[in-house]
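Examining the three-dimensional arrangement
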Amino acid sequence: LVAYLQRCKSALSEDGLIVIKENTTVLGNDEFDEEDSSVTRGEATFQKVFQQAGLKVVKAEFQKGFPQTKTMKLLPVRMYALKP
């Protein structure tokens, strides 16, 4: 992920932004799903990855409006706007 963000950073124009929209963990620990081989990261991991890639968060917020029922709870989705 760090290498990917570094490649994205190198392609940005002077005023460019990288915007990331990702599921985030509820407990803060990174979670690996063996069924679909996905990784859901916590906030601390994202901050570390962004720092390692040489990017600063200029804005972050949670997406609102996801449906929730007693039997279905979706992971929170967070959006990040990043600059070098």
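Preceding block: the structure.
Let us look at the structure shown here. (Residues numbered from 1 in each chain as written. Predicted model: local features only at pLDDT ≥ 70, side-chain atom pairs only at ≥ 80, totals over all residues. Heavy atoms only, no water.)

With respect to the helices and strands, the residue Thr 25 is situated in the loop between strand E1 (18–23) and strand E2 (31–33). In this structure, Thr 25 is in contact with Asp 30, Glu 31, Thr 40, Arg 41 and Gly 42, ignoring residues within four places of it in sequence. (Helix = DSSP H or I, 4+ residues; strand = E, 2+ residues; numbered from the N terminus. Contact = heavy atoms within 4.5 Å.)

All told, the structure shown has two salt bridges when counted by the stated rule. For Glu 43, the salt bridge identified is with Arg 78, shortest N-O distance 3.5 Å. Taken together, the residues span a long stretch of sequence, with Glu 43 in helix H2 (residues 43–52) and Arg 78 in strand E5 (residues 77–83) at a distance of 35 residues. Residue classification places Glu 43 among the partly exposed positions, given a relative accessible area of 29%. A salt bridge links Glu 61 to Lys 59, with the shortest nitrogen-to-oxygen separation between them at 3.7 Å. (Salt bridge = Lys/Arg side-chain N within 4 Å of Asp/Glu carboxyl O. Buried < 20%, exposed > 50% of the residue type's maximum accessible area, 1.4 Å probe, protein only.)

Together, Leu 17, Val 19 and Val 58 make up a nonpolar patch on the protein surface, roughly 280 Å² of accessible area in all. Among the structural elements, Val 19 can be located in strand E1. The class for Val 19 is exposed, based on a relative accessible area of 60%. (Patch = residues over 30% accessible without salt bridge, like charges linked within 9 Å, V, L, I, M, F, W, Y side chains within 5 Å. Areas by Shrake-Rupley, 256 points an atom, 1.4 Å probe, with all protein chains shown as cover.)

This part is about the sheet that holds E5. Taken together, three strands build an open sheet; the order of strands is E1-E5-E4 and the sheet is antiparallel. A single partner strand is all that each edge strand has here, and the edge strands are E1 and strand E4 (56–62). Here the strands of the sheet are splayed against their neighbours by 20° on average, with no regard to which way each runs. One ladder, built from six bridges, connects E1 with E5; its direction is antiparallel. (Pairing = 2+ DSSP bridges. Axes fitted to C-alpha atoms, helices over the stretch in contact; angles between N-to-C directions.)

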